[in-house]
Amino acid sequence: MPGENGDINDENGNYDPKSFAAKSPGKRLIVLVAGVTMNVVLAMVLFTVAFGMGEPMLLPQIGKVVPGSPAAAAGIRAGDTIVSANNQPVKFFSDLVTIVNTGLAKDNNRHATVPVRVTLHHAGSTQLIATTVNVREHPPAGQGPMGIEANGKIVYDSLPLWQAPIRGVQYTFQTTSAFIQAIGQMITGALPFQLTGPVGIVKITGDVAQSVPSEGWWPLLSLTAVLSLNLAIINILPFPALDGGRVVLVLVEVVRGGKRLKPEVEGVINLVGMALLLTLMVVITFFDVKGLLP
């Protein structure tokens with residue numbers, strides 16, 4: 001965009017009246033955040049469509065019980081269907097996972113096991129059976145707290161037309177919040193840096209696209225929405241050459257009472273930022289390619 005880097009267009013240092021640089025700070029801010037805004041809006045639309053078409057969910061039917069696990073000790077068998085846990089209805093396997101994890105979080109490692117009251121019925125029977133599963137705080141590697149696996153049967157949980165947009169917007173904000181928290185944890189060292197470049201994204205997209213016949217359009221739509229949110233969050237970061245960095249320069253101008261940085265200074269800041277971004281992209285791409293090699 002002409003004037004985006006604060007270019008001077010004549011010998012007197014005046015900006016071209018039609019260029020971006022000649023516009024007021026308010027108009028420049030609107031332009032700079034427009035792309036980020038549309039990335040967020042696109043994610044909302046995609047999540048809305050995804051929820052409307054149906055999210056693939058595992059039924060709460062047990063496919064495998066690990067011998068010697070808390071579930072086995074409680075009498076749970078392969079083929080059983082979980083109806084409720086801790087007096088909360090279980091519609092999908094994820095509901096059971098949430099209830100168990102919530103109980104473990106409330107216990108906060110005070111005990112080695114946490115009792116979870118489960119209601120179920122065996123395969124081929126409608127009789128409800130109540131049992132208590134002493135789920136483990138720290139299960140063996142490769143096992144969950146209960147020691148069970150779902151049987152893999154999937155249903156599509158679709159929302160009514162009027163509910164899908166609400167859920168799409170809510171899920172967009174939830175996902176954005178999770179991204180921001182993850183970035184903060186990576187900066188503080190609580191999480192390792194995990195970055196994926198274009199090569200890695202292509203690999204992930206290909207894998208997800210192959211799941212469409214078995215899992216429907218949800219994985220591909222949600223992945224596209226997540227990528228759009230990634231672009232929005234990364235692009236608004238206050239880093240030179242990104243839209244967020246340009247926003248900072250405009251805000252600095254406002255704080256200085258309308259006095260702008262010299263075009264040469266602004267250009268150098270953006271040039272350095274772009275060089276660092278390109279270097280980072282090369283490094284990430286190298287590790288993406290390295291990860292694909294046998």
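Residue numbering note: each chain is counted from 1, following its sequence as written. pLDDT decides what is reported in this predicted model: residues at 70 or higher carry local features, side-chain atom pairs at 80 or more are listed and counted, and totals for whole chains, interfaces and linings draw on all residues regardless. Calculation of side-chain values draws on the structure's entire complement of heavy atoms; hydrogens and water are dropped beforehand.

Enquirer: Describe the pattern of salt bridges, listing the residues and the values that go with them.
Expert: Each salt bridge in this description consists of a side-chain nitrogen of Lys or Arg and a carboxyl oxygen of Asp or Glu lying within 4 Å of one another. The full count for this structure, using the stated rule, is three salt bridges. Between Glu 253 and Arg 28 there is a salt bridge, with the nearest N and O atoms lying 2.8 Å from each other. A residue pair is termed long-range when its members are at least 10 positions apart, and Glu 253 in helix α8 (residues 243–255) and Arg 28 in helix α1 (residues 25–53) qualify at 225 residues. The residues Glu 253 and Arg 28 share a single accessibility class, namely buried. Of the charged contacts in the structure, one is a salt bridge between Lys 91 and Asp 157, with a shortest N-O distance of 3.8 Å. Taken together, the residues span a long stretch of sequence, with Lys 91 in the loop between β4 (88–89) and α3 (93–107) and Asp 157 in strand β8 (residues 154–157) at a distance of 66 residues. Burial classes: relative accessible area under 20% of the type maximum marks a residue as buried, over 50% as exposed, and values in between as partly exposed (1.4 Å probe, protein chains only). Exposure remark for Lys 91: the relative accessible area of 54% places this residue in the exposed category. By definition, any uninterrupted DSSP run of H or I lasting at least four residues is a helix, any uninterrupted run of E lasting at least two residues is a strand, and each is numbered from the N terminus.

Enquirer: Please provide a residue-by-residue account of the nonpolar core, values included.
Expert: By convention a nonpolar core is built from buried Ala, Val, Leu, Ile, Met, Phe, Trp, Tyr and Cys residues, the set being connected through side-chain atoms within 4.5 Å. With 21 residues, the main nonpolar core has Ile 76, Leu 96, Val 135, Met 146 and Ile 148 as its most contacted residues. Among the elements of the structure, β2 (62–65), β3 (81–85), α3, β5 (113–121) and β6 (129–136) are those that each provide at least two residues to this core. Considering every element that reaches this core, the biggest residue donor is α3, with five residues. Filtering out sequence-adjacent residues up to four positions away, Ile 148 remains in contact with Ile 62, Lys 64, Val 65, Ala 71, Phe 93 and Leu 96. The next biggest cluster of nonpolar side chains, apart from the first, holds nine residues, and it includes Trp 218, Leu 221, Ala 225 and Leu 229. Any two residues whose heavy atoms approach within 4.5 Å are treated as being in contact.

Enquirer: Outline the pairing of β5, supporting the account with residue identities and numerical values.
Expert: As paired strands, β3 and β5 are joined by four bridges and run antiparallel to one another. In the sheet register, Ile 82 faces β5, and the bridge partner there is Leu 120. Here, any two strands with at least 2 DSSP bridges between them count as paired. Strand direction decides the pairing type here: β5 and β6, joined by eight bridges, are antiparallel. Bridge pairing links Arg 117 to Thr 132 in β6.

Treat this as a map of the structure, not an account of what it does.
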